[in-house]
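Results of the structural survey
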Amino acid sequence: MSDLLIKPTRTRGKVIDVTPASAGWAYVGFALHRLAPGETVAETTGEREVCLVFVAGTGAVSAGGERLGEMGGRMSPFDGKPAAVYVPGNSEWSVTAASELEFAVCSAPALTGREVKVIGPDAMSQEVRGKGTNTRYVTNILPETDGVADSLLVVEVITPGGHTSSYPPHKHDRDALPEESYLEETYYHRLNPPQGFGFQRVYTDDRSLDEVMLIEDGVTVLVPKGYHPCAAIHGYDLYYLNVMAGPHRVWRFHNQPDHEWLLGG
């Protein structure tokens, strides 16, 4: 199995745990929790900022010494926008499940002192990218246009069955602004219906990295560098939650020249 493909280690509790140390990079962290009603997770943020994303279910949140109340509500990541909470560095948070709950902990370096912020569904913009069988639907949770965070960029994407996404292939692995930004990235994948599958390729121009991975419900893919398109098989919609971070909170990508013609006309 590819080192870039992270499968859940258990069925309950913290089922995915990607840290900069485990990924072999410097910025992005990603964890996923699955809780039964009444179960609680509590952590401190230390030198990292955090975005809690409610993938499915509801839970009561406290952060920075405040009780923020119950949030979430969708029972599936394919059912509308999520709820999210930004928690700065040197703070703490807790989540207590009110229903069966799946929530993500997206993290990156905290650089300044910031405030806790609830990011409700109504605050999240949506857009359609691509055309034809390259159409996908994007929900911006922490885009670069939102100055809430120091480092984190967080987005959800739904790719209909039979469509491609993160395509034509692009990369963001050079700190070469304004043309391209260096951003590490994780993809947390879900499928509807869950027995479906898809594929993701991560590769560089010189093919020193070239991995093709089978995407099944609940896996995470690491993108340390290179191009990273994915494809959903007919009949099965693909959801993914992206977390990106790097030395600059800017998303500037480079399209693979061989396929850039697809953007014309």
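Residues numbered from 1 in each chain as written. Predicted model: local features only at pLDDT ≥ 70, side-chain atom pairs only at ≥ 80, totals over all residues. Heavy atoms only, no water.

Burial analysis of strand β5 (residues 48-56) places 8 of its 9 residues in the buried class, the great majority of the element. Judged from the 8 bridges that link them, β5 and strand β10 (residues 101-109) form a sheet pairing that is antiparallel. Bridge pairing in β10 places R48 opposite P109. Note that β5 and strand β8 (residues 84-87) share 4 bridges and pair antiparallel. Note on β8: the bridge partner recorded for V50 is V87. (Buried < 20%, exposed > 50% of the residue type's maximum accessible area, 1.4 Å probe, protein only. Helix = DSSP H or I, 4+ residues; strand = E, 2+ residues; numbered from the N terminus. Pairing = 2+ DSSP bridges.)

Here we come to the side chain of H163. You can see H163 is positioned in the loop between β14 (153-159) and β15 (164-165). For H163, a relative accessible area of 15% gives the class buried. Separated by 2.9 Å, the side chain of H163 and the backbone oxygen of T135 make a polar contact. Setting aside residues up to four positions removed in sequence, H163 forms contacts with G132, T133, N134, T135, A231 and A232. (Polar contact = N/O pair within 3.5 Å; in protein donor to acceptor, adjacent residues only side chain to side chain. Contact = heavy atoms within 4.5 Å.)

Let's shift gears to the nonpolar core. Buried together is how nonpolar side chains tend to be arranged in soluble globular proteins. Judged by nonpolar contacts, the single largest core of 49 residues is most densely connected at F30, C106 and L241. Apart from residues no more than four positions distant in its own chain, L241 is found in contact with F30, V53, A104, C106, I141, V154, V155, E156, T186, Y187 and Y188. Residues L52, W93, V95 and V105 belong to the second largest nonpolar core, which totals 18 residues. (Core = buried A, V, L, I, M, F, W, Y, C linked by side-chain atoms within 4.5 Å.)

Summed over the entire model, instances satisfying the criterion amount to 15 salt bridges. With a closest N to O distance of 2.5 Å, R114 and D150 form a salt bridge. One end of the pair, R114, is in the loop between β10 and β11 (117-119); the other, D150, is in the loop between β13 (136-142) and β14, with 36 residues separating them in the sequence. By relative accessible area, which is 29% here, R114 ends up partly exposed. (Salt bridge = Lys/Arg side-chain N within 4 Å of Asp/Glu carboxyl O.)

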